[in-house]
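# Fold and geometry: a report
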Amino acid sequence: MREIVLDTETTGFDPKTGDRLIEVGCIELMDLLPTGRTYHTLVNPDRLIPPDATRVHGITDDKVKDAPRFADIVQALSDFIGDAPVIAHNAQFDRNFIDFEYARIAHPLIPGDRWIDTLQLAQKKFPGMPNSLDALCKRFKVSLADRTFHGALIDARLLAEVYLELRGGKERRLDLSATKVTAVAGPVVAAAVGARPRPLAPRSTEAERAAHLEFLKATLKDHSLWEGYGLDMEKAPAA
């Protein structure tokens with residue numbers, strides 16, 4: 001199954017108040033695992049980036065001044081996503097910005113039922129616990145060592161690992177139910193097993209063995225089972 005993990009960086013929290021998308025990063029998954037195919041670009045927002053936003057993602061006005069505008073990248077982004085489900089953390093945030101940018105240029109929106117919110121998945125799995133992306137990375141032991149700022153592509157990579165764990169973890173890759181067994185025609189021959197070249201020494205003492213024989217003879221009426229294993233019941237003293 002093909003899925004796309006998506007993350008965005010923006011100038012703020014709400015496109016309806018003038019905030020704009022400035023970075024988008026996507027990771028392609030196939031059967032929950034990254035394929036190595038990615039899509040990433042900065043976007044010129046045609047507005048200044050507030051200092052508070054820059055402190056979060058490290059993107060400055062200078063970095064995006066020569067970047068393409070969203071209308072210039074929408075076809076490449078849309079082609080990369082295709083008809084796959086789109087996975088995002090707190091997906092409504094990313095969806096608001098993607099929908100806003102699509103609508104501005106009259107591009108068809110991604111249907112709502114194709115968005116998968118990992119925040120909602122985490123809240124169902126860990127109710128009442130911190131479920132930010134950072135908190136989930138720590139819970140699932142996903143390394144944050146390479147991230148100094150939030151970035152669309154690096155956060156998408158982290159989310160891809162978290163999504164795998166939320167969907168059942170690496171154990172899903174160990175499913176043996178589909179293992180093929182090939183039958184080989186012909187008789188089944190049991191391998192011959194001979195006596196040990198050097199018999200193992202007994203682990204019990206002579207006194208313990210005598211006590212065991214006495215217990216068996218006093219308790220059991222039918223001695224055939226033990227005698228079948230070579231135990232001489234006649235050696236046991238009378239009870």
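In this report, we go over the structure that sits alongside the text. (Residues numbered from 1 in each chain as written. Predicted model: local features only at pLDDT ≥ 70, side-chain atom pairs only at ≥ 80, totals over all residues. Heavy atoms only, no water.)

### Examining the overall build of the protein
Definition in use: Runs of H or I in DSSP of at least four residues are treated as helices and runs of E of at least two as strands, each being numbered from the N terminus. Buried means the residue's accessible area, taken with a 1.4 Å probe over protein chains only, is under 20% of the maximum for its type, while exposed means over 50%, and partly exposed covers the values in between. The criterion used for residue contact is that any of the two residues' heavy atoms lie within 4.5 Å. Reported accessibility uses the Shrake-Rupley method at a 1.4 Å probe radius. Residues are deemed covered only where the shown protein chains occlude them.
A count of helical and extended segments in the protein gives 9 helices and 5 strands. Listing every helix and strand of the protein by position from the N terminus yields β-β-β-α-α-α-β-α-β-α-α-α-α-α. With 239 residues in all, the protein has 39% of them scored as buried. In the protein, 61% of the contacts between residues at least 6 apart in sequence involve partners at least 24 apart. Only carbon and sulfur atoms are counted for the fraction: they give 56% of the accessible area of the protein, which is about 15,300 Å².

### Observations regarding the environment of I81
Mapped onto the elements, I81 comes out in helix α3 (residues 70–81). I81 sits 42 residues away from Y39 along the chain, and the two C-alpha atoms are 9.1 Å apart. When near neighbours in sequence (up to four residues on either side) are disregarded, I81 contacts R2, I4, L6, V86, Y102, I110 and R114.

### Section: the pairing of strand β2 (residues 21–30)
The condition that has to hold: Two strands form a pair only when DSSP identifies at least two bridges running between them.
Counting buried residues along β2, 9 of its 10 residues qualify, which places the element largely inside the surrounding structure. Across 9 bridges, strand β1 (residues 2–10) lies against β2 in antiparallel orientation. In the strand pairing of β2, D7 is matched with G25. With 7 bridges connecting them, β2 and strand β3 (residues 33–42) associate as antiparallel partners. Among the inter-strand pairings, E23 is bridged to a residue of β3, identified as L42. Counted between consecutive antiparallel strands, the loop separating β2 from β3 contains 2 residues, among which D31 sits at a positive phi close to 55 degrees.

### Quick look at unusual backbone geometry
Backbone geometry places D31, a non-glycine residue, at a positive phi of 55 degrees. Taking the relative accessible area as the measure of exposure, D31 reaches 39% and is therefore partly exposed. Phi at L32 takes a positive value of approximately 80 degrees, unusual for a residue other than glycine. Here L32 lies in the loop between β2 and β3.

### Considerations on the pairing of β1
For β1, the buried fraction is high: 8 of the 9 residues fall into the buried class. Across 2 bridges, the pairing between β1 and strand β4 (residues 86–88) is parallel. The residue bridging I4 from the neighbouring strand is V86, located in β4.

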